Amino acid sequence: SVPFLVRLFPAVLTKFVYLNFLAFPFFMDLRQPELLLNNTISLYLTTEPGVTVGIWHTVPGSRGAEARGKDQRWYEEALADTHPVIIYLHGNGGTR
């Protein structure tokens, strides 16, 4: 019966292959990365009208002492300096 159900409902297969309805680790609010990761803040970029992408900005450990206690404006200014930026694309899990 499983192949028959997959044929009728292909979205079910997608959910079970990618498991994007699960958020791991469980019961963690990933919208506040500063509670979980050092030197990290959550930002949102508007890529086009009606489309907003959430990002985490993590400064390197060498700037950790400087970043401690800073607000969002400091992190935005840190993106504009001459240091290289590494963009990590996490995949299709549905969360950061």
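Scroll up to find the structure this text is about.
The shown structure was predicted, so the numbers you read here are calculated from the model rather than taken from an experiment.

Thresholds applied
Residues numbered from 1 in each chain as written. Predicted model: local features only at pLDDT ≥ 70, side-chain atom pairs only at ≥ 80, totals over all residues. Heavy atoms only, no water. Pairing = 2+ DSSP bridges. Helix = DSSP H or I, 4+ residues; strand = E, 2+ residues; numbered from the N terminus. Contact = heavy atoms within 4.5 Å. Salt bridge = Lys/Arg side-chain N within 4 Å of Asp/Glu carboxyl O. Buried < 20%, exposed > 50% of the residue type's maximum accessible area, 1.4 Å probe, protein only. Core = buried A, V, L, I, M, F, W, Y, C linked by side-chain atoms within 4.5 Å. Patch = residues over 30% accessible without salt bridge, like charges linked within 9 Å, V, L, I, M, F, W, Y side chains within 5 Å. Areas by Shrake-Rupley, 256 points an atom, 1.4 Å probe, with all protein chains shown as cover.

Asker: Explain the pairing of strand β2 (residues 51-58) here, please?
Answerer: The side chains of a regular strand alternate between both faces of the sheet. With eight bridges joining them, strand β1 (residues 40-48) and β2 adopt antiparallel strand pairing. If you follow Leu-45 over to β2, its bridge partner there is Val-53. Between β1 and β2, which follow one another and run antiparallel, lie two residues, and Gly-50 among them has a positive phi close to 85 degrees.

Asker: What is the right way to read the side chain of Asn-39 from this model?
Answerer: By secondary structure assignment, the location of Asn-39 is in the loop between α2 (10-18) and β1. Look past the residues within four positions of Asn-39 in its chain and what remains in contact with it is His-57, Thr-58, Val-59, Pro-60, Gly-61, Gly-64, Ala-67 and Tyr-75.

Asker: Sorry if this is basic, but what is going on with the pattern of salt bridges here?
Answerer: Across all of its chains, the model carries three salt bridges by this definition. Arg-63 is paired through a salt bridge with Glu-66; the nearest N and O atoms lie 3.3 Å apart. Under the relative-accessibility criterion, Glu-66 is labelled partly exposed at 40%. Salt-bridge contacts for Arg-73 lead to Glu-77; the nearest nitrogen and oxygen are separated by 3.2 Å. You can see Arg-73 and its partner Glu-77 sitting in helix α4 (residues 72-79), four residues apart, about one turn around the helix. Of the residues examined, Glu-77 reaches a relative accessible area of 45% and is grouped as partly exposed.

Asker: Teacher, can you tell me more about the environment of Leu-13 here?
Answerer: Relative to the assigned elements, Leu-13 resides in helix α2. Measuring from C-alpha to C-alpha, the distance between Leu-13 and Pro-3 comes to 9.8 Å, with ten residues separating the pair along the chain.

Asker: For this particular structure, what's the right way to read the nonpolar core?
Answerer: Buried together is how nonpolar side chains tend to be arranged in soluble globular proteins. Core analysis: the largest hydrophobic core is formed by seven residues, namely Ile-41, Leu-43, Val-59, Ala-67, Trp-74, Tyr-75 and Ala-78. At the level of elements, β1 and α4 are the ones that each hand at least two residues to this core. Looking at which element gives the most residues to this core, the answer is α4, with three residues. Beyond its immediate chain neighbours, meaning those up to four positions away, Ala-67 contacts Asn-39, Val-59, Trp-74 and Tyr-75.

Asker: In this structure, what is going on with unusual backbone geometry? I would like to understand it.
Answerer: Trans is the common state for peptide bonds, and a negative phi is the common state for residues other than glycine. Its identity is not glycine, yet Asn-39 carries a phi of approximately 60 degrees, on the positive side. Using a relative accessible area of 16% as the deciding quantity, one classes Asn-39 as buried.

Asker: Looking at this model, I keep getting lost on a nonpolar patch on the surface. Mind explaining?
Answerer: A grouping of Phe-4, Leu-5, Leu-8, Phe-9, Val-12, Phe-16, Leu-19, Phe-21, Leu-22, Phe-26 and Phe-27 is seen on the molecular surface, where their side chains present a nonpolar patch of about 1,200 Å² in accessible area. Every element with two or more residues in the nonpolar patch is listed here: α1 (2-8) and α2. It is α1 that provides the largest number of residues to the nonpolar patch, a total of three residues. Note that Val-12 resides in helix α2. On the basis of relative accessibility, which here comes to 38%, the residue Val-12 falls in the partly exposed class.

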